[in-house]
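If you want the building blocks of each chain, they are given just below.
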Amino acid sequence: QNKAKILVLIHSDNGGTYELAKEIAKGIESENNATSYIKLVKPSQNPSLKSLPVATIDELPNYDGIAFGSPVYFGNISTGMSEFLSKTVPLWTNHALEGVPASVFMSAGSGAGKELALQAFWNSLAVHGMILVSNGIRGTEELNKAIPQGNSVLGITTMASLKDVERPTKGERTLAELQGRNFAKVSLALKDTRPKKTTSIVENHQSFNEILKQKNIVLPQVPKPAGSYQPFVRSGNLVFINQVALKDGKILNPGKLGVDVTEQQVKEATKATMLNVLSVLNEAVGGDLGRVKQCVQLTGIFNTKDDYTQHADLMNIASNLTAEVFGDKGKHARATFGASSIPVNSSVEIQAVFEVE
Ligand SMILES: Cc1cc2nc3c(=O)[nH]c(=O)nc-3n(C[C@H](O)[C@H](O)[C@H](O)COP(=O)(O)O)c2cc1C
């Protein structure tokens with residue numbers, strides 16, 4: 001309960017950084033009073049990485065230490081890691097990471113510029129006032145010197161494209177584990193030595209589950225795609241989602257307004273559709289709706305007769321639900337229109353675009 005909580009925060013494209021992260025975590029866990037959490041800086045579609053949780057900026061001050069891992073990109077930290085760090089300005093100006101121990105490790109290809117890259121990592125973390133923990137030459141006596149190794153005094157690296165032996169090498173794995181263990185010792189020693197001023201930043205993210213609970217909003221299971229498309233696509237910081245009124249495996253109140261269903265029934269279907277949108281969105285942000293920056297646009301398409309004109313009233317159900325959940329961030333641009341038919345005889349379809357972290 002009084003264990004040191006240590007985040008192993010990585011960006012990885014092909015899994016090399018993740019391989020080192022697992023060794024770092026093993027070293028951390030070898031200290032009795034330390035627990036490690038491996039998280040990504042952004043979602044990954046790589047099969048070996050996609051089940052890993054994604055970290056939020058706001059949770060960083062909660063940890064007693066953070067080990068950062070990234071690929072080497074042109075003698076520097078990777079774009080993914082750089083993007084994530086560039087969003088930590090609110091933590092910086094709140095002094096939220098000052099005094100938090102930090103450690104770095106990297107996966108390189110040939111190893112070109114690896115120490116420049118490690119140094120670049122240190123530069124960013126020093127600006128945050130983090131306590132940078134070096135490796136020195138710890139453990140290097142045992143390294144097999146007959147092959148190139150990724151040891152460095154600033155942090156372990158591996159050279160993934162040098163294939164004489166499996167990478168990370170046995171020696172690199174051992175040094176990573178030693179780095180993790182030493183980092184855990186330092187984090188434990190410094191645990192509870194800095195003032196706690198992080199609650200408000202963190203509360204913001206936790207509050208979404210509370211809001212849903214208070215408002216009795218239960219997100220349904222993410223509907224499975226009914227054709228060759230994805231439930232959502234993320235492009236840059238935008239997430240695109242389209243849903244119909246599927247509820248418990250069938251379409252709620254199907255048919256044409258004024259012929260098969262009433263306005264009230266279409267409103268119920270609209271709510272069910274928007275809940276599906278929110279459920280998919282929740283998946284797109286790794287279960288943390290606090291990562292939603294803005295609902296950008298909603299488009300409501302309703303199955304109506306040619307002379308129907310009250311589409312806006314129907315769509316308000318979706319818009320109000322969005323505002324209820326996200327407050328100001330739920331305010332969006334909107335389009336509504338009627339159609340003579342909608343797939344699977346749904347009375348409504350909603351297209352949504354959200355900006356996310
Ligand atoms: C844009 C880009 C730049 C890179 N620059 C370097 C470099 O300067 N030095 C190097 O050794 N490897 C470089 N690499 C190779 C990666 O560091 C290497 O593939 C690494 O193992 C990727 O880590 P991952 O497996 O965790 O994704 C670069 C790769 C990319 C995509």
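Keep in mind that what you see is a predicted model, and the values were worked out from it rather than measured. (Residues numbered from 1 in each chain as written. Predicted model: local features only at pLDDT ≥ 70, side-chain atom pairs only at ≥ 80, totals over all residues. Heavy atoms only, no water.)

A. Spatial organisation of the site of the ligand. In the neighbourhood of the ligand, 18 residues make up the surrounding shell, with Ser 12, Asp 13, Asn 14, Thr 17 and Val 72 lying closest. Between the ligand and the protein, one listed contact pairs an oxygen atom with a backbone N or O atom of Ser 110 at 3.2 Å. Here the ligand has 630 Å² of accessible area as a free molecule, and 76% of this is covered by the chains. Elements with a minimum of two residues in the shell around the ligand: α1 (16–29), β3 (65–73) and β5 (101–108). Class assignment of the residues belonging to the shell around the ligand gives a composition of seven nonpolar, 10 polar and one charged. (Near = heavy atom within 4 Å. Polar contact = N/O pair within 3.5 Å; in protein donor to acceptor, adjacent residues only side chain to side chain. Areas by Shrake-Rupley, 256 points an atom, 1.4 Å probe, with all protein chains shown as cover. Helix = DSSP H or I, 4+ residues; strand = E, 2+ residues; numbered from the N terminus. Nonpolar A, V, L, I, M, F, W, Y, C, P; charged D, E, K, R; others polar.)

B. Just helix α2 (residues 79–86), in detail. Here α2 has its buried residues at Gly 80, Met 81, Phe 84 and Leu 85. Down the axis of α2, the sector holding all buried residues measures 130°, keeping them to one side. Along its buried surface, α2 packs onto β1 (4–10), β3, β4 (76–77) and α4 (114–127). (Buried < 20%, exposed > 50% of the residue type's maximum accessible area, 1.4 Å probe, protein only. Arc of directions from axis to C-beta. Contact = heavy atoms within 4.5 Å.)

C. Seen up close, the nonpolar core. Core analysis: the largest hydrophobic core is formed by 35 residues, its most contacted members being Met 274, Leu 281, Phe 326 and Phe 354. Of all the secondary structure elements, the ones that give two or more residues to this core are α6 (199–214), β9 (238–244), α7 (263–284), β12 (292–303), α8 (311–326) and β14 (348–356). Top contributing element to this core by residue count: α7, with nine residues. Look past the residues within four positions of Met 274 in its chain and what remains in contact with it is Leu 298, Ala 318, Leu 321, Thr 322, Ile 350 and Phe 354. (Core = buried A, V, L, I, M, F, W, Y, C linked by side-chain atoms within 4.5 Å.)

D. Geometry of the pattern of salt bridges. Applying the stated criterion across every chain, the model contains 13 salt bridges. Measuring nitrogen to oxygen at the nearest pair gives 3.7 Å for the salt bridge that ties Lys 191 to Asp 192. Salt bridges sharing partners connect three or more residues here, namely Glu 19, Lys 22, Glu 23, Lys 26, Arg 173, Glu 177 and Arg 181. (Salt bridge = Lys/Arg side-chain N within 4 Å of Asp/Glu carboxyl O.)

E. α1, seen in detail. In a regular helix each residue adds 1.5 Å, so 14 residues correspond to 20 Å; α1 covers 20 Å between its end C-alpha atoms and thus fits that length. Among the residues of α1, Thr 17, Tyr 18, Leu 20, Ala 21, Glu 23, Ile 24, Ala 25, Gly 27 and Ile 28 are the ones counted as buried. In this structure, the buried side of α1 is in contact with β1, β2 (34–40), β3, β5, β7 (157–159) and α5 (170–190). (Expected span 1.5 Å × (residues − 1).)

F. Inspection of the pairing of β14 at higher detail. Extensive coverage of β14 is indicated by the burial of seven of its nine residues. The pairing of β9 with β14 spans seven bridges and is classified as antiparallel. The residue of β14 that forms the bridge with Gln 243 is Ile 350. Across nine bridges, the pairing between β12 and β14 is antiparallel. Bridging across to β14, Gln 297 finds its partner in Val 353. (Pairing = 2+ DSSP bridges.)

G. A look at unusual backbone geometry. Going from Arg 167 to Pro 168, the amide bond is cis rather than trans, its omega being -10°. In this structure, Pro 168 sits in the loop between β7 and α5. Backbone geometry places His 95, a non-glycine residue, at a positive phi of 55°. Relative to the assigned elements, His 95 resides in the loop between α3 (89–93) and β5.

H. Region of the structure containing the packing of aromatic side chains. Considering all chains together, one arrives at three aromatic pairs under this definition. Aromatic pair Phe 68 and Phe 121: ring centres 6.0 Å apart, planes at 55°, arrangement tilted. Pair noted here: Phe 68 is in strand β3 and Phe 121 is in helix α4, with a separation of 53 residues, a long-range link. Across the pair, Phe 121 and Phe 68 agree in class, each one buried. Just above the ring of Tyr 63 sits the side chain of Lys 5; from NZ or CZ to the centre is 5.7 Å. (Phe/Tyr/Trp six-rings, centres within 6.5 Å; stacked < 30°, edge-to-face > 60°. Lys NZ or Arg CZ within 6 Å of the ring centre and 35° of its normal.)

I. View of the domain arrangement of the chain. By the assigned domains, the chain splits into domain 1 (4–197) and domain 2 (209–356). Summarising the inter-unit geometry, the C-alpha centres of domain 1 and domain 2 are found 40 Å apart. (Domains from an automatic or database assignment.)

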